[in-house]
Amino acid sequence: MLKEFGVLTIGDAMITMNPSTTGPLKYVTQFERKIGGAEMNFAIGCARLGLGSKWISRLGKDEFGQVIYNFARGEGIDVSSVDFVEGVPTSLNFKEIHANGSGKTYYYRNPSPISSLSEEDITEDLFDGIQVVHLTGVYLALGEPNMAIVQKILTIAKQKGITISFDPNIRLKLWSIEDAREAYEKVFPEVDILLTGLDEIQMISGKETLEELVEYTARFEIKDFVIKDGEKGSKLYRKGRWIESSGFSVTPVDTVGAGDGFDAGYIYGILNHFDEESLLRFANGVGALVTTVTGDNEGLPYLEEVENFIGDKKAVER
Ligand SMILES: Nc1ncnc2c1ncn2[C@@H]1O[C@H](COP(=O)(O)OP(=O)(O)OP(=O)(O)O)[C@@H](O)[C@H]1O
Ligand SMILES: O=C(O)C(=O)C[C@H](O)[C@H](O)CO
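Analysis parameters
Residues numbered from 1 in each chain as written. Chains lettered and ligands numbered in written order. Predicted model: local features only at pLDDT ≥ 70, side-chain atom pairs only at ≥ 80, totals over all residues. Heavy atoms only, no water. UniProt positions renumbered as here; feature names shortened; annotations may be inferred. Helix = DSSP H or I, 4+ residues; strand = E, 2+ residues; numbered from the N terminus. Phe/Tyr/Trp six-rings, centres within 6.5 Å; stacked < 30°, edge-to-face > 60°. Buried < 20%, exposed > 50% of the residue type's maximum accessible area, 1.4 Å probe, protein only. Near = heavy atom within 4 Å. Polar contact = N/O pair within 3.5 Å; in protein donor to acceptor, adjacent residues only side chain to side chain. Areas by Shrake-Rupley, 256 points an atom, 1.4 Å probe, with all protein chains shown as cover. 1 Å grid on protein atoms, 1.4 Å probe; cavity = no way out; pocket = protein on both sides within 12 Å on 5 of 7 lines; lining within 4 Å. Sits in = over half its atoms within 2 Å of the grid points. Nonpolar A, V, L, I, M, F, W, Y, C, P; charged D, E, K, R; others polar.

K.L.:
What is the right way to read the UniProt feature "domain: Carbohydrate kinase PfkB" (unreviewed entry) in the chain from this model?
P.N.:
When the UniProt feature table is mapped to this numbering, "domain: Carbohydrate kinase PfkB" (unreviewed entry) covers residues 7-301. Here residues 7-301 runs as 34% helix and 25% strand, with 17 Å between its end C-alpha atoms.

Right under this line is the structure:
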């Protein structure tokens, strides 16, 4: 990758069927074919902000796999570590969207093509030019053997002094909270930046208050403990103090993917040495913009769009 900064992620992507109408899935008769997948959304977010963005994945050797591959490549993602596998169809996800923009997902991804990845596929050269490795709980939820692959990624990243960020992205349709907790607690000690929803970290830790949550994450020596809290914005616990930033006021139409966008914005800020307030403000801006467009990643902004939106740059309209 020739970009100044390189970010590496790993995860399944899927064809996402977006409903044409809001309300319960069983009453929806028309869908628009889109593309989703938490880690790929993150990779798109990074690429649009101008970061070098590498995505490790496997897709079915089928029509949908080709669609996703071409899409990711078109977004400027480095797809040299994405391959096609025979015999396992590309993952699918049907979305239900409620009138307020929130939603539900219905997966058809068991098994998923990414389950064919093995430890041997994770080689040191994948990390060339990489400053941040971003992992999420969705990949871990897709199969027990994925833990060994994640451990290998963590070991190489640590050896190379690469920053590790992690988003639990709990998907209780894929595994139980007990299994999720056990896996997260194996990963947390290696994590530098934890990017989590408030409800997620409360569920994982079994704790309620911010004080208790800080105590829980301190056990793992996490440097940046970041809480995403929907329209309220976000907060960061770093070096013994909380920094908060309120959310931007938008009219959300589809909130899926806001968290991935936030993560991309936060990592962009880290690589560009933003101060704490600017980090949260920038990431909030990316997250808010994602919610204003239907689809899991269509609303991910380009750098100039975030800067204009958060008011750090004046837009020239005409
Ligand atoms: N309705 C909203 N209005 C303004 N900003 C929002 C809204 N929803 C999300 N955001 C922004 O996006 C960030 C991430 O959203 P959220 O807290 O829903 O993350 P998440 O739970 O990780 O999401 P995901 O469903 O993508 O996993 C928020 O911290 C906020 O900055
Ligand atoms: O990655 C997944 O499991 C999905 O549900 C697809 C969505 O694009 C993703 O979750 C959004 O964060």
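From this point, the narrative continues.
K.L.:
I'm lost on the packing of aromatic side chains in this one. Help?
P.N.:
We describe a pair of aromatic rings using the distance from one ring centre to the other and the angle between the two ring planes. For the structure on display, the rule yields 17 aromatic pairs. On the basis of an interplanar angle of 55° and a centroid distance of 5.7 Å, the ring pair of Phe225 and Trp242 is categorised as tilted. Taken together, the residues Phe225 in strand S11 (residues 224-228) and Trp242 in strand S13 (residues 241-246) connect sequence positions 17 residues apart. For Trp242, a relative accessible area of 25% translates into the label partly exposed. Ring geometry for Tyr268 and Phe274: centres 5.9 Å apart, planes at 80°, overall edge-to-face. Judged by relative accessible area, Tyr268 falls into the buried class, the value being 10%. Taken together, Phe166, Trp175, Tyr184, Phe188, Tyr216 and Phe220 form an aromatic cluster joined through their ring pairs.

K.L.:
Looking at this model, I keep getting lost on the site of ligand 2. Mind explaining?
P.N.:
What surrounds ligand 2 is a group of 14 residues, the closest being Tyr107, Arg109, Arg171, Asp260 and Asp296. Note that an oxygen atom of ligand 2 is positioned 2.6 Å from one of the side-chain N or O atoms of Arg109. Look at ligand 2: alone it shows 310 Å² of surface, and the protein chains cover 96% of it. The site holding ligand 2 turns out to be the largest pocket. Taken together, the residues of the shell around ligand 2 break down into five nonpolar, five polar and four charged.

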